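# Structure at a glance
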Amino acid sequence: MLLEPATMRKLDALALGARRAFTGASKGEKRSRKRGSSVEFADFREYNLGDDIRRLDWAAYGRFEKLFLKQFLEEEDVDLTLLLDTSLSMSYGEPSKLLAAQRLAAAVGYIGLKGFDRVTAANFDQTLRNRFAPARGQGAAHRLFNFLEEQTAAGSAELAPPMKRFASTVQRGGIALVFSDFLLPEGYETGLKILASRGFEVTAVQILSREELEPTLVGDLKLVDAETGELREVSISSRLLQTYKKKLDEHTNGLKKFCRSYDMNYLLVPSDIEVETAVLKLLRGEGVVK
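An account of the accompanying structure is given in this report. (Residues numbered from 1 in each chain as written. Predicted model: local features only at pLDDT ≥ 70, side-chain atom pairs only at ≥ 80, totals over all residues. Heavy atoms only, no water.)

A separate point is the overall build of the protein chain. Along its length, the protein chain carries 9 helices and 10 strands. For the protein chain, with 290 residues in total, the buried portion stands at 46%. Sequence separation of 24 or more characterises 75% of the internal contacts of the protein chain that already satisfy a separation of 6 or more. Approximately 14,900 Å² of the protein chain is accessible, and the part contributed by carbon and sulfur atoms is 50%. (Helix = DSSP H or I, 4+ residues; strand = E, 2+ residues; numbered from the N terminus. Buried < 20%, exposed > 50% of the residue type's maximum accessible area, 1.4 Å probe, protein only. Contact = heavy atoms within 4.5 Å. Areas by Shrake-Rupley, 256 points an atom, 1.4 Å probe, with all protein chains shown as cover.)

Structure follows, in structure tokens:
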């Protein structure tokens, strides 16, 4: 089970956050650019014959002797897309990076479904694999959980081709979360920019294992690349570990800087962190949920 009932009860108080307004397909709980019938005031305009007289601003009429209509923001649903990297490198760690990604995606998806947002999901390695058809409502939560739990690690990862494929199949933007270790030989820049150019508010959730963040390996070892099977013999010393840590910091800071420069959210999540902590502190701190 990806989420315990006690965890879901804590998530019940949360909603998806978005920095900008989206145009939805039906009424929901997110601000839209459209003028509608919510309680949030947007603007005034002059009255035209046929307008709803219940929205006339009589106070303005008293001051200007002209009829003005109050306009309010429409509230619509938002598309939430969960994109999981299921390449072989995600199987590393205890718990694995993939399991951490599945739990986090389940938590965010549950929050979206409960808020009647339109939730979809997909997994990828070098290409886009399986997809969870768009759904709304808390009743779809277990179908989403089952879909996420069924995805297994395989293949090598590449971001640009699957994101290009995904972007070609959607009709509108929304919120997109990419769960990956972002250890991508071909880079992450093009893939993330494809999502942003398609109108998505992108959040890069970088998941790394504790052993990758704080390695304890020492001595003469044979290391095997999880995705390519390439074997390399190395003598790990404290100096080599310092060099590794410096390179890792450069990589994570580079991803964070890239995301900030393109108005994307970025989170670094250790795979052994409790899902509640990740959602309530990290995701909420970044404004992904509120």
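Let us keep going from here.
Tallied over the full model, the rule gives 8 aromatic pairs. Their ring planes at 40° and their centres at 6.4 Å tell us that Tyr-110 and Phe-145 sit as a pair that is tilted. Here Phe-145 lies in helix 4 (residues 141-150) and Tyr-110 lies in helix 3 (residues 97-114), a separation of 35 residues in the sequence. For the pair Tyr-110 and Phe-145, one class covers both residues: buried. Summarising the aromatic geometry, the rings of Phe-182 and Tyr-188 are spaced 6.3 Å apart at their centres and angled 85° between planes, so their arrangement reads as edge-to-face. There is no split in this pair, since Phe-182 and Tyr-188 are both buried. An aromatic cluster is present here, built from Phe-182, Tyr-188, Phe-258 and Tyr-262 joined pairwise through their rings. (Phe/Tyr/Trp six-rings, centres within 6.5 Å; stacked < 30°, edge-to-face > 60°.)

Look at the link from Glu-94 to Pro-95: it is a cis peptide, with omega at -5°. You can see Pro-95 is positioned in the loop between strand 3 (79-85) and helix 3. Its identity is not glycine, yet Phe-116 carries a phi of approximately 60°, on the positive side. Of note, the phi angle at Phe-182 is positive, near 55°, even though the residue is not glycine. The residue Phe-182 is located in the loop between strand 6 (174-180) and helix 6 (189-197) in this model.

Our focus in this paragraph is the environment of Tyr-266. Note that Tyr-266 resides in strand 10 (residues 265-270). For Tyr-266, a relative accessible area of 7% gives the class buried. Discounting chain neighbours no more than four positions away, the residues touching Tyr-266 are Ala-204, Gln-206, Thr-252, Leu-255, Lys-256, Cys-259, Arg-260 and Glu-286. One polar contact links Tyr-266 to Gln-206, side chain to side chain, over a distance of 2.6 Å. (Polar contact = N/O pair within 3.5 Å; in protein donor to acceptor, adjacent residues only side chain to side chain.)

Our focus in this paragraph is the pattern of salt bridges. Inspection of every chain in the model, using the stated rule, returns 11 salt bridges. A salt bridge links Arg-129 to Asp-125; its shortest N-O distance comes to 3.1 Å. Taking the relative accessible area as the measure of exposure, Asp-125 reaches 6% and is therefore buried. Because the salt bridges share partners, they merge into one network encompassing Asp-79, Arg-118 and Arg-172. (Salt bridge = Lys/Arg side-chain N within 4 Å of Asp/Glu carboxyl O.)

Turning next to the nonpolar core. Formed by 45 residues in total, the largest nonpolar core has its most connected members in Leu-82, Leu-104, Leu-177, Phe-179 and Val-279. With 11 residues, the top contributor of residues to this core is helix 3. Counting residues in each nonpolar core, the second largest holds 26 residues, with Leu-83, Ala-122, Phe-166 and Val-202 among its members. (Core = buried A, V, L, I, M, F, W, Y, C linked by side-chain atoms within 4.5 Å.)

Further remarks concern the sheet that holds strand 7 (residues 200-208). One open sheet holds the 6 strands; their spatial order is 5-4-3-6-7-10, and the pairing between them is mixed. The open sheet has two edge strands with one neighbour each: strand 5 (128-135) and strand 10. The sheet shows a mean angle of 15° between the axes of neighbouring strands, taken without regard to direction. In this fold helix 3 packs onto strand 3, strand 4 (118-124), strand 5, strand 6, strand 7 and strand 10, with an angle of close to 175° to the strand it touches most, strand 3. (Pairing = 2+ DSSP bridges. Axes fitted to C-alpha atoms, helices over the stretch in contact; angles between N-to-C directions.)

Our next topic: the pairing of strand 3. Where burial is concerned, most of strand 3 is hidden: 7 out of the 7 residues are buried. Because side chains alternate across strand 3, one face comprises the buried residues Asp-79, Thr-81, Leu-83 and Asp-85, and the other comprises Leu-80, Leu-82 and Leu-84, equally buried. One ladder, built from 7 bridges, connects strand 3 with strand 4; its direction is parallel. Bridge pairing in strand 4 places Leu-83 opposite Ala-122.

Keep in mind these numbers describe shape, not what the thing actually does.
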